[in-house]
Amino acid sequence: QPGSTSPEEICMPGTSVMTVHTLIKEDMPTDWTMKLDLKKLEPFPMKVPCLNGVGSCPYELCPIIENMGDTLCPSFPENQPCGCPILAGDLNIKDLQVS
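None of the values given here were measured: they were computed from a predicted structure.

Helix and strand counts for the chain come out as two helices and nine strands. Counting helices and strands in the order they occur from the N terminus, the chain gives β-β-β-β-β-β-β-β-α-α-β. Relative to its full complement of 99 residues, the chain shows a buried share of 23%. Residue pairs at least 24 apart in sequence account for 45% of intrachain contacts in the chain once pairs closer than 6 positions are excluded. Approximately 7,300 Å² of the chain is accessible, and the part contributed by carbon and sulfur atoms is 57%.

Right, let's talk about the side chain of serine 56 for a bit. For serine 56, the position within the fold is in the loop between strand 7 (54-55) and strand 8 (58-60). At a separation of 2.5 Å, a polar atom in the side chain of serine 56 contacts the main-chain carbonyl oxygen of valine 48. Apart from residues no more than four positions distant in its own chain, serine 56 is found in contact with Lys35, Leu36, Asp37, Leu38, Lys47, Val48, Pro49 and Cys50.

Here we come to the state of the cysteines. Such a bond, covalent and formed between the sulfur atoms of two cysteines, is termed a disulfide. This structure, assessed with the given rule, holds three disulfides. The side chain of cysteine 50 participates in a disulfide bridge whose partner is cysteine 57; the two sulfur atoms lie 2.0 Å from each other. Residues cysteine 50 and cysteine 57 are joined through a disulfide that is right-handed, its torsion about the S-S bond being 110°. Relative accessible area serves as the criterion here: at 38%, cysteine 50 is assigned to the partly exposed category.

As for its placement among the helices and strands, serine 75 is situated in the loop between helix 2 (69-72) and strand 9 (89-98). Relative accessible area serves as the criterion here: at 13%, serine 75 is assigned to the buried category.

What follows is about the pattern of salt bridges. Opposite charge on two side chains lets them pair, provided their charged atoms get close. Here the structure, examined in full by the defined rule, presents one salt bridge. Among the ionic pairs, aspartate 37 bridges to lysine 35, the shortest N-O distance being 2.9 Å.

Right, let's talk about unusual backbone geometry for a bit. A cis amide bond, omega 5°, links cysteine 84 with the succeeding residue proline 85. Turning to its location among the elements, proline 85 is positioned in the loop between helix 2 and strand 9. Even without glycine at this site, asparagine 52 takes up a positive phi of about 55°.

This brings us to the environment of threonine 33. Examined against the element boundaries, threonine 33 turns out to sit in strand 3 (residues 33-35). Setting aside anything within four residues of it in sequence, one finds threonine 33 in contact with Pro58, Tyr59 and Glu60.

Counting nine residues, the largest nonpolar core is built from Ile24, Met28, Ile65, Leu72, Phe76, Ile86, Leu91, Ile93 and Leu96. In terms of residues, this core owes the most to one element, strand 9, which gives three residues. In contact with leucine 96, other than residues within four places in its own chain, are Ser16, Val17, Met18, Thr71, Leu72 and Ser75.

Cut-offs and rules
- Residues numbered from 1 in each chain as written.
- Predicted model: local features only at pLDDT ≥ 70, side-chain atom pairs only at ≥ 80, totals over all residues.
- Heavy atoms only, no water.
- Helix = DSSP H or I, 4+ residues; strand = E, 2+ residues; numbered from the N terminus.
- Buried < 20%, exposed > 50% of the residue type's maximum accessible area, 1.4 Å probe, protein only.
- Contact = heavy atoms within 4.5 Å.
- Areas by Shrake-Rupley, 256 points an atom, 1.4 Å probe, with all protein chains shown as cover.
- Polar contact = N/O pair within 3.5 Å; in protein donor to acceptor, adjacent residues only side chain to side chain.
- Disulfide = S-S within 2.5 Å.
- Salt bridge = Lys/Arg side-chain N within 4 Å of Asp/Glu carboxyl O.
- Core = buried A, V, L, I, M, F, W, Y, C linked by side-chain atoms within 4.5 Å.

Here's what the structure looks like:
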């Protein structure tokens, strides 16, 4: 199920506070991959390419959760253990700081 994220604008390099809200209809496998499609808007619209695993790339989520547990786990909802598999349900991660 498509979800939503905010903010819509991320300045790099820098730190942004992000909120992610999505409905997961079934438990996700441990090899779950998320594809980001990022676009630069100024001074003209352009797709951000995937370079060295950063940008508009596929991301394996379980290794990210495992490697960034100290940062991610406090933002997980109480009903979602911080780890894989990600369980079915409403996933609402608020105020996650991303650098």
